[in-house]
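Observations on chain architecture
Listed below, chain by chain, are the residues.
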Amino acid sequence: MKWIGKKYKIQMKNKIFYTAVVLEDEGQMIRVKTIRDEDLILNKIEIVEMRLIEDEDGSKDRKSVV
């Protein structure tokens with residue numbers, strides 16, 4: 001729930017990167033909308049790192065691992 005509506009830089013295990021807003025958090029999966037307007041469902045196990053681009057308080061670039 002804490003990630004919904006926030007924009008992240010997401011790195012996957014297969015070295016693919018996404019910049020996306022988290023739309024839903026469903027246990028082991030998250031649904032995101034990328035900057036290329038793709039609607040994706042990502043498995044949290046496959047995510048290496050999520051870096052917050054901008055929080056609602058204006059702070060930027062915080063790292064979190066799923």
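What you see as residue numbers is a count from 1 along each chain, following the sequence as written. Reporting of local features is limited, given that this is a predicted model, to residues whose pLDDT is at least 70; pairs of side-chain atoms are given and counted only at 80 or more, and all residues count toward the totals for whole chains, interfaces and linings. The side-chain quantities take in all heavy atoms of the structure and omit both hydrogens and water.

Observations concerning the side chain of Lys44
What counts here: To qualify as a helix, a DSSP run of H or I must reach at least 4 residues; to qualify as a strand, a run of E must reach at least 2; elements of each kind are numbered from the N terminus. Here a polar contact is recorded for every N or O atom pair within 3.5 Å, except that within protein the pair must consist of a potential hydrogen donor and a potential acceptor, and residues adjacent in sequence are included only if both atoms are side-chain atoms.
Summarising the element assignment, Lys44 is placed in the loop between β4 (39-43) and β5 (47-54). Within the local environment of Lys44, its side chain forms a polar contact with the backbone oxygen of Gly27, the two atoms lying 2.8 Å apart.

Describing the environment of Ile30
What counts, and what does not: Exposure classes here rest on a 1.4 Å probe applied to the protein chains alone. A residue is buried below 20% of its type maximum, exposed above 50%, and partly exposed in between. Only heavy atoms matter for contacts: two residues are in contact if any of them lie within 4.5 Å across the pair.
Mapped onto the secondary structure, Ile30 falls in strand β3 (residues 29-34). Accessibility expressed as a relative area gives 1% for Ile30, which makes it buried. Residues Ile30 and Leu42, spaced 12 residues apart in sequence, show a C-alpha to C-alpha distance of 5.3 Å. Discounting chain neighbours no more than four positions away, the residues touching Ile30 are Trp3, Glu24, Asp25, Leu40, Ile41, Leu42, Lys44, Ile47 and Met50.

Observations regarding the nonpolar core
The test is simple: Grouping buried Ala, Val, Leu, Ile, Met, Phe, Trp, Tyr and Cys residues that are joined through side-chain atoms within 4.5 Å yields what is termed a nonpolar core.
Counting residues in hydrophobic clusters, the biggest one holds 13 residues, and the most contacted among them are Tyr8, Ile10, Ile30, Val32, Leu42, Ile47 and Met50. Of all elements in the fold, only β1 (7-12), β2 (17-26), β3 and β5 reach the threshold of two or more residues within this core. With residues up to four places along the chain from it excluded, the contact list for Val32 reads Ile10, Ala20, Val21, Val22, Leu23, Glu38, Asp39, Leu40 and Leu42.

Brief notes about the pattern of salt bridges
Opposite charge on two side chains allows them to pair when their charged atoms are near. So the rule is basically this: Any carboxyl oxygen of Asp or Glu that lies within 4 Å of a side-chain nitrogen of Lys or Arg is treated as forming a salt bridge with it.
All chains considered together, the criterion is met by 5 salt bridges. One salt bridge connects Arg31 with Asp39, and the closest N-O pair in it is separated by 3.0 Å. Using a relative accessible area of 26% as the deciding quantity, one classes Arg31 as partly exposed. Between Glu49 and Arg51 there is a salt bridge; the shortest N-O distance is 3.0 Å. Where salt bridges share partners, they join Glu24, Arg31 and Asp39 into one cluster.

Observations concerning the pairing of β4
Rule in force here: Two strands pair if DSSP finds at least two bridges between them.
As defined by bridge partners, β3 adjoins β4 across 5 bridges and the pair is classed as antiparallel. Within the sheet, the bridge partner assigned to Arg31 lies in β4 and is Ile41. Adjacent in sequence and paired antiparallel, β3 and β4 are bridged by 4 residues, among which Asp37 carries a positive phi angle near 65°.

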